[in-house]
Amino acid sequence: MFSFHTHNERDAFLTDPPIHDSFGAARLNFATGSGVPPQNSPQTPATTPSTGCSTSTLLMIGSGTSYSCMLKLSNAVSLHWDKDVNGMTAVAASAPVSGWLSVGFPVNPTSMVPSTVVSSSLESASIYSVQSTSASGITVTPSTEITSPVTEMLNGERVIRFNVQTSLLQGSGNGAAVIYGYHPTDARFPVNSATHTERGSSNVNFVSGTAVSLSVGSHDVDAVRVHGTGMIAIWSYWVPLAVVIKAIGPIFCSTSVAGYPLPFVVHTLMMIIAMGVTTLLFALAVNKFDGDVGYSHKGIGIAILVIGWTQVVGGFLKPENGTNQRKYWGWGHILIGVTIFVLAVLQMIFGIQLLKELYANESSMRDSMMIALFIGLVLFVSVYIVGKVYVMMTKEKKTTTFDKPVELNII
């Protein structure tokens, strides 16, 4: 018997089972030098089925026959599959790229996240659980529904092959949603999983051999820019200004509004506006790119919203001056305020790092946001310290200054 592969020198033989372009067997008589060729040629390509798909020229693993069906999911990505064998179906995807190629099955047909995908990474293929499009949300996971993933470069195309439980491909009876994506040159996955050239989703009917393209969410860079810039503007400039006004404002302004000091009223209004804008920017993120972020970034955002609005409501419940309740309230208000601000700063840093992972080509936007964040924090700390020192010096001057003695001129 014999087998060979025309392109792959090593990896095709090391796979289980080996990938080959042809194999066969013959009965040889070494004494007479004669032989009988194989009666059944296992390398005859499958005939075109009476369905909507085309004949595939891609050979299956461990067989000399090609896949029964081939469909173009896009101009670049082709999907290949064969008939059911013992509840499993051999599936493959190919694209004219040297980078990574992914194909998989989403929970929601119009969303890439969450999903289970088979992806090439360098010269190996694995099954991944995709919980977000950032690298931290993509992990290798075992699967009983998808097995035996392998990849190779064949005739200038990246090919991934695997077996799938036929029941997964049947979906609700009208087919199953299949997602795909690729990078043309960078083979690392999931390091740059979000920097793809193309991605999409199609409902594939594996019985009729037809597919319908589905609208799938895309990275909205403008929404990311609005969200990130707005959060930095609020938490690096607006909120610090509100804190400074409350801390040192009474030294410069003794005006009251409805019985409350004007600096306190301004501080309260500014914080209400800050939390309102933060809520809107959070809603924008959930609506536009919720699946692109990890649970930690979203979780911290929710915590900031809950604690922030609690702080605002608590501001209206301030006890009377001079009571123990007021003293405890004051310490609690400060502690909660510091906690929110620290969380917000960490959240902005994490967000900029997430921007680096998701949008590798947006380095100028990422750098601009980091610079704006740094400048805002430096200004806040500087003004706050200087203001507090000035307040302390002013109070000390008032307590150490004595009235001059009255001079009596007796004539």
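Residues numbered from 1 in each chain as written. Predicted model: local features only at pLDDT ≥ 70, side-chain atom pairs only at ≥ 80, totals over all residues. Heavy atoms only, no water.

**A closer look at the sheet that holds strand β10 (residues 124-130)**
Item 1. An order of β11-β10-β9-β8-β14-β15-β16 is seen for the seven strands of this open sheet, with the pairing classed as antiparallel. The outermost strands of the open sheet, each flanked by one partner alone, are β11 (138-140) and β16 (210-214). Neighbouring strand axes in the sheet, compared pairwise and without regard to direction, differ in orientation by 30° on average.
Item 2. As judged from the four bridges shared by strand β8 (residues 101-106) and strand β14 (residues 176-182), these two strands associate in the antiparallel manner. (Pairing = 2+ DSSP bridges. Helix = DSSP H or I, 4+ residues; strand = E, 2+ residues; numbered from the N terminus. Axes fitted to C-alpha atoms, helices over the stretch in contact; angles between N-to-C directions.)

**What to know about the confidence of the model for the protein**
Item 1. Per-residue confidence for the protein gives a mean pLDDT of 81; residues scoring 70 or more make up 78%.
Item 2. Across residues 39-50 the pLDDT falls below 50, and counting only partners more than four positions away or on other chains, this stretch makes 19 contacts in the model. (pLDDT = per-residue confidence, 0-100. Contact = heavy atoms within 4.5 Å.)

**Points about the side chain of H80**
Item 1. Within the fold, H80 resides in strand β6 (residues 78-85).
Item 2. A distance of 2.8 Å separates a polar atom in the side chain of H80 from a polar atom in the side chain of S56.
Item 3. Setting aside its immediate chain neighbours within four residues, H80 contacts S56, L58, Y67, C69, M70, A90, V91, A92, A93 and S94. (Polar contact = N/O pair within 3.5 Å; in protein donor to acceptor, adjacent residues only side chain to side chain.)

**A look at the packing of aromatic side chains**
Item 1. On inspection of all chains with the given rule, the structure shows six aromatic pairs.
Item 2. Here the aromatic rings of F380 and Y384 are separated by 5.9 Å at their centres, their planes lie at 55°, and the arrangement is tilted. Taken together, the positions of F380 and Y384, both in helix α7 (residues 363-400) and four residues apart, correspond to about one turn of that helix.
Item 3. In this structure Y384 comes out as partly exposed when scored by relative accessible area, which is 30%. (Phe/Tyr/Trp six-rings, centres within 6.5 Å; stacked < 30°, edge-to-face > 60°. Buried < 20%, exposed > 50% of the residue type's maximum accessible area, 1.4 Å probe, protein only.)

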